[in-house]
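Secondary and tertiary structure notes
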Amino acid sequence: MGRAAKYLAWAGAGILLTIAAEKPGFSQEIQPVIELPEFSEEPRDLNPPQLTLLDLELMEPEQMTPGGLATKAQETAQANPGQTEADRLFQQGTQQFQASQFQAAIAFWQQALEIYREIGDRAGEAATLESLGNAHFALSDYEQAISFYEQYLAIARELDNRVDEGRALESLGSVYRNLWQYEQTIDFYGQSLAIARETGDRVSERRLLNNLGVAHSNLRQFEQAIDFYKQLLVLAQELGNRTDEGVALSSLGQAYSMLGDDERAIALHEQALAISRETGDRFAEGMALSNLGSVYGKLNQYEQAIELYKQALAIAREIDDPVGEGIALENLGDLYSRLGRYQQALEFYQQYLAIAQDADSQADEIHALRKLATTYIFLNQYEQVIEVY
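Residues numbered from 1 in each chain as written. Predicted model: local features only at pLDDT ≥ 70, side-chain atom pairs only at ≥ 80, totals over all residues. Heavy atoms only, no water.

**A closer look at the environment of Asn178**
Heads up, the condition is: In this description a helix means any DSSP run of H or I spanning at least four residues, a strand means any run of E spanning at least two, and both kinds are numbered starting from the N terminus. Nitrogen and oxygen atoms within 3.5 Å of one another constitute a polar contact, given that in protein one can donate a hydrogen and the other can accept it, and given that sequence-neighbouring residues count only through two side-chain atoms.
Take Asn178: it is sitting in helix H8 (residues 162-178). For the pair formed by Asn178 and Ser140, sequence separation is 38 residues and the distance between their alpha carbons is 8.6 Å. A polar side-chain atom of Asn178 sits 2.6 Å from a polar atom in the side chain of Arg177.

Next up, the structure:
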């Protein structure tokens, strides 16, 4: 898989994985950029560490295929020709969805939906509505996704299926999250969290705690975000889940940094770094290094920040992580620029631009070009400035 293709696959996972295929580009809301705020030419959304999003955001892969009511629909298949045909179409749609053929999946599921409604199979109808919502979510067709998820929610409540009610509420929260409507996101996630706790679903609970922290962070409500991340940390420790523990520590570190408590932020990021090395998670290690680099840069300890970002860059290249590579390259350019070492800054910005172009990210390409232009001005290379623009 090529670098650009792999990057886009990650973006899509953002959506469904977790999710959020939505966002092409390192500077997009769901693909957080860990940078030094004072170096930016324009403000960007503040997000928890990327590791948090990729690990916990939204639904796990298996949850993006129908379950709950869907399972019931499979179990109740009978000799009824209509039932058999609807189930066949449903499975064909699932296969297309898993192959990322979302339009084809929609076509099969629409046919299955019609039959389930004709024969009065409410469980099959609900499962198909959820699946249609997932497919439209993957296509960033959020209006349609909301419509299908709302219908799915109505049937789950009609059948008094609390598990599926929680799933529908979480899905709605994820759609509004992608629409940057965080107040509604928090409302839906909060309702889903209550159901997860009621039903003893610890997996969904840990994911929702994280996502609620993310939503509050995006509203700059860092105290509330910290509360949810602390709950996630406690749950991770209870379950003995070291990966989730590292995620919670990273998220807490970033939230405390945004509140100006950089000493605590460094301690938390160092704990996350230690866990990543203990578990051999190179991706998490790279993100922890980036997080530490961000805090040291904020404290004007540029040489220390540079060393940390260089370590993060090496790991990103080792594991073929274009997002992490782009983050490190941009920040290294920022740091060298702050030190007045513009030629070195230029080299990193040029590499950052190449990554953005390879990922076909117009937003990041423009961002990189602006930084290049500014650097050329400092170097008095005005012809290059004109060429960039």
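**Examining the packing of helix H9 (residues 182-199) against helix H10 (residues 202-218)**
As a reminder of what qualifies: Fitting a line to C-alpha atoms yields each axis, with helices limited to the stretch in contact; the angle taken between N-to-C directions then spans 0 to 180 degrees. Put simply, angles under 35 degrees are roughly parallel, angles over 145 are roughly antiparallel, angles from 65 to 115 are roughly perpendicular, and the rest are oblique. Crossing handedness: left-handed means the near helix sits turned counterclockwise from the far one by under a right angle, and right-handed means the same turn made clockwise. Every residue pair with non-hydrogen atoms within 4.5 Å of one another is taken to be in contact. Amino acid classes used here: Ala, Val, Leu, Ile, Met, Phe, Trp, Tyr, Cys and Pro are nonpolar; Asp, Glu, Lys and Arg are charged; the rest, including Gly, are polar.
Taken N-terminus to C-terminus, the directions of H9 and H10 make an angle of 160°; their axes are 9 Å apart at the nearest point. Compared by their axis directions, H9 and H10 come out roughly antiparallel. In this structure, the crossing between H9 and H10 has a hand that is left-handed. Seen from H9, the contacting residues are Tyr182, Thr185, Ile186, Tyr189, Gly190, Ser192, Leu193, Ala196 and Arg197; seen from H10, they are Ser204, Glu205, Leu208, Leu209, Asn211, Leu212, Ala215, His216 and Asn218. Each residue belonging to the contact of H9 with H10 can be placed in one class, and the counts come to 9 nonpolar, 7 polar and 2 charged.

**Here's the deal with the pattern of salt bridges**
For clarity, the threshold we go by: Throughout this description, the term salt bridge denotes a Lys or Arg side-chain nitrogen within 4 Å of a carboxyl oxygen of Asp or Glu. We call a residue buried when its accessible area falls under 20% of the maximum for its residue type, exposed when it is over 50%, and partly exposed in between, using a 1.4 Å probe and counting protein chains only.
In the structure shown here, the tally under the stated rule is 25 salt bridges. Between Glu165 and Arg162 there is a salt bridge whose closest N-O contact spans 3.0 Å. In this pair, Glu165 and Arg162 are both assigned in helix H8, 3 residues apart and thus about one turn of the helix distant. Residue classification places Glu165 among the buried positions, given a relative accessible area of 10%. Residue class for Arg162 comes out partly exposed when judged on its relative accessible area of 28%.

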